[in-house]
Amino acid sequence: MATLNADLHCHSVVSDGTLEPEVLAARAAANGVELWALTDHDEIGGQRRAAEAAHAHGMQYLTGTEISVTFAHETVHIVGLGFDAEDPQMHRGLQQTRGGRGNRALDIAAGLAQAGIPNAYEGALKFVGNPDLISRTHFARHLVESGVCKDTGDVFRRFLTEGKPGYVPHRWASLKDAVRWITDAGGLAVIAHPARYRFTANEEYALFTEFKAHGGRGVEVVTGSHTAAEATKYAATAREFDLAASRGSDFHSPDESHTDLGRLPPLPGELTPVWELLADRIL
Ligand code: AMP
Ligand code: MN
Ligand code: MN
Ligand code: MN
């Protein structure tokens, strides 16, 4: 089972990816993915299309989302897998979480205007596939297209991260709520790319401890956002906290993502893959 080619983290135009769910499904299948999940940020509007396209390509499917959470002054991402995509509490929770994005985007644009980059809101909107979900990624694409920066990584470094002109502090969902929305809807909550957070050891310990206390059961170990050393480190953390392990590319775009769908190392041994706990939730 651990050798199953599962890719349980990626994004479509329903959030900040550049491909339609059907195009992602075709690409995943062509790359050998056997079990797939589309995990758009704070959105499940692409789930039905993704599941249908997965089946059309002979893949198994788990419902997915990636919820933005504020924990200890940092944004943490919680991936939800295998939940009921019709669950009303999940719909309300995600809608609430998305809700602040419009005003945040106007504030981001105001910050960029002060830094000498006018009309960034209108520029970002050209890249937005879902009007409910404008993200920093869309600003990044605009600044690349307009020649201000050479690539999206450069935009984040210079303009969109803490202390930079287009950075706007934002309060997302609470860890407790995000885990509850997922688990109450029959799904499994997973801490996404744990190596990406700027936590002290104590803060990270608190994250894992509270996550478990709220009912969280998984952690991403192998992801496009981790180096091999980080995967080894979080394999140990998964064992320490008795969490199941997930695997996902975090693919956004052929032009931007260095890890393609399904092109990841296998999970390290002696870990329980999340899909073993979700056997009865696979579509
Ligand atoms: P938002 O949810 O609007 O804050 O945007 C977060 C998204 O920005 C993440 O999901 C990534 O897709 C993207 N992102 C964050 N940091 C970087 C970075 N350093 N380089 C490129 N993309 C990034
Ligand atoms: Mn993203
Ligand atoms: Mn993420
Ligand atoms: Mn992601």
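Residues numbered from 1 in each chain as written. Chains lettered and ligands numbered in written order. Predicted model: local features only at pLDDT ≥ 70, side-chain atom pairs only at ≥ 80, totals over all residues. Heavy atoms only, no water.

Another aspect to go through is the side chain of Arg-104. You can see Arg-104 is positioned in helix H4 (residues 101-114). Buried within the structure, Arg-104 lacks any salt-bridge partner; its nearest side chain of opposite charge belongs to Asp-42, at an N-O separation of 7.6 Å. Excluding its chain neighbours within four sequence positions, the residues that come into contact with Arg-104 are Ile-134, Ser-135, Arg-136, Val-168, His-170 and Trp-172. (Helix = DSSP H or I, 4+ residues; strand = E, 2+ residues; numbered from the N terminus. Buried < 20%, exposed > 50% of the residue type's maximum accessible area, 1.4 Å probe, protein only. Lys, Arg positive; Asp, Glu negative; His and termini not counted. Salt bridge = Lys/Arg side-chain N within 4 Å of Asp/Glu carboxyl O. Contact = heavy atoms within 4.5 Å.)

A few words now on the packing of aromatic side chains. Applying the stated criterion across every chain, the model contains six aromatic pairs. Taken together, a centroid distance of 6.1 Å and an interplanar angle of 85 degrees make the contact between Phe-71 and Phe-199 edge-to-face. One end of the pair, Phe-71, is in strand S4 (residues 64-71); the other, Phe-199, is in the loop between strand S6 (188-191) and helix H9 (201-213), with 128 residues separating them in the sequence. The pair Phe-71 / Phe-199 is uniform in exposure class, with both members buried. Seen in terms of ring centroids, Phe-208 and Phe-241 are 5.2 Å apart; in terms of plane orientation they differ by 35 degrees. Their pairing is tilted. Residue Phe-208 is located in helix H9, and its partner Phe-241 is located in the loop between helix H10 (228-240) and strand S8 (244-248); the two are separated by 33 residues in the primary sequence. With relative accessibility at 1%, the residue Phe-208 sits in the buried group. Judged by relative accessible area, which is 11%, Phe-241 ranks as buried. An aromatic cluster of three or more residues is present, and its members are Tyr-205, Phe-208, Tyr-234 and Phe-241. (Phe/Tyr/Trp six-rings, centres within 6.5 Å; stacked < 30°, edge-to-face > 60°.)

A word on the coordination of the manganese ion (ligand 2). Within the first shell, the manganese ion (ligand 2) binds the protein through Asp-16 (OD), His-41 (NE2) and His-252 (NE2), at distances of 2.1 to 2.2 Å. Of note, the manganese ion (ligand 2) draws all its donor residues from one chain, in the sequence arrangement D-x24-H-x210-H. Between the manganese ion (ligand 2) and the manganese ion (ligand 3), a separation of 5.6 Å is found. Of this pair, Asp-16 sits in the loop between strand S1 (6-7) and helix H1 (21-30) while His-252 sits in the loop between S8 and helix H11 (274-277), placing them 236 residues apart in sequence. Taken individually, Asp-16 and His-252 each receive the classification buried, so the pair is uniform in this respect. (Donors = N, O, S within 2.8 Å, 3.2 Å for Na, K, Ca; no water.)

Near ligand 1 you find Asp-16, His-41, His-77, Arg-101, Arg-104, Ser-135, Arg-136, Thr-137, Gly-153, Phe-156 and His-252, and these make up its full shell. One of the side-chain N or O atoms of Asp-16 is found 3.0 Å from an oxygen atom in ligand 1. In this structure, an oxygen atom belonging to ligand 1 sits 3.0 Å away from a side-chain N or O atom of Arg-101. Within the complex, 72% of the 500 Å² of free accessible area of ligand 1 lies under protein. Taken atom by atom, the bulk of ligand 1 overlaps the largest pocket. Only H4, helix H6 (136-145) and helix H7 (152-160) provide two or more residues apiece to the shell around ligand 1. Residues lining the shell around ligand 1 come from more than one domain, with at least three contributed by each of domain 1 (6-97 + 171-281) and domain 2 (101-160). (Near = heavy atom within 4 Å. Polar contact = N/O pair within 3.5 Å; in protein donor to acceptor, adjacent residues only side chain to side chain. Areas by Shrake-Rupley, 256 points an atom, 1.4 Å probe, with all protein chains shown as cover. 1 Å grid on protein atoms, 1.4 Å probe; cavity = no way out; pocket = protein on both sides within 12 Å on 5 of 7 lines; lining within 4 Å. Sits in = over half its atoms within 2 Å of the grid points. Domains from an automatic or database assignment.)

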